[in-house]
Amino acid sequence: MNTSLRRAMQDCDNYVIEMDYADAKGTQTHRIVSPIRFMGSYRFLGLCLCREAPRQFQLSRCKNVRLVPASEVMMPVAISS
């Protein structure tokens with residue numbers, strides 16, 4: 001997962017992250033995120049393209065993380081559960 005996040009951070013014009021995310025209440029959502037930077041060893045800051053706002057994501061709550069070409073993503077991205 002960290003490799004995909006680092007790649008998207010280094011090449012933000014070309015890559016975003018697609019993942020399933022569980023919030024603090026356990027609600028699962030599918031997200032498209034442009035990662036900005038790591039914030040310590042357990043979370044990262046990213047621009048959530050579903051919420052159209054910066055968000056912090058805990059790494060332990062991220063599942064099925066994959067690197068996606070940014071050209072495949074249409075803005076804004078609908079949030080799905």
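Our structure's up above, just so we're on the same page.
Below or above, wherever it landed, is the structure these notes cover. (Residues numbered from 1 in each chain as written. Predicted model: local features only at pLDDT ≥ 70, side-chain atom pairs only at ≥ 80, totals over all residues. Heavy atoms only, no water.)

### Quick word on the overall build of the protein chain
- Across its full length, the protein chain holds one helix and five strands.
- Along the protein chain, helices and strands appear, N-terminal first, in the series α-β-β-β-β-β.
- The globule rule puts the C-alpha radius of gyration for 81 residues at 12 Å, and the 11 Å found for the protein chain is close to it.
- For the protein chain, the spread of C-alpha atoms along the three principal axes comes to 30 × 30 × 20 Å.
- Per-residue burial for the protein chain yields a buried fraction of 36% across its 81 residues.
- Of the contacts formed within the protein chain by residues at least 6 apart in sequence, a portion of 50% connects residues at least 24 apart.
- With an accessible surface of roughly 5,000 Å², the protein chain has 48% of that area assigned to carbon and sulfur atoms. (Helix = DSSP H or I, 4+ residues; strand = E, 2+ residues; numbered from the N terminus. Rg over C-alpha atoms; globule rule 2.2 N^0.38 Å. Buried < 20%, exposed > 50% of the residue type's maximum accessible area, 1.4 Å probe, protein only. Contact = heavy atoms within 4.5 Å. Areas by Shrake-Rupley, 256 points an atom, 1.4 Å probe, with all protein chains shown as cover.)

### Here we look at the pattern of salt bridges
- Counting across every chain of the model gives one salt bridge.
- A salt bridge links Glu18 to Arg66, with the nearest nitrogen and oxygen atoms 2.6 Å apart. Taken together, the residues span a long stretch of sequence, with Glu18 in strand β1 (residues 15–22) and Arg66 in strand β5 (residues 62–69) at a distance of 48 residues.
- In this structure Arg66 comes out as partly exposed when scored by relative accessible area, which is 44%. (Salt bridge = Lys/Arg side-chain N within 4 Å of Asp/Glu carboxyl O.)

So far we have only geometry, and geometry alone does not tell us how the molecule works.
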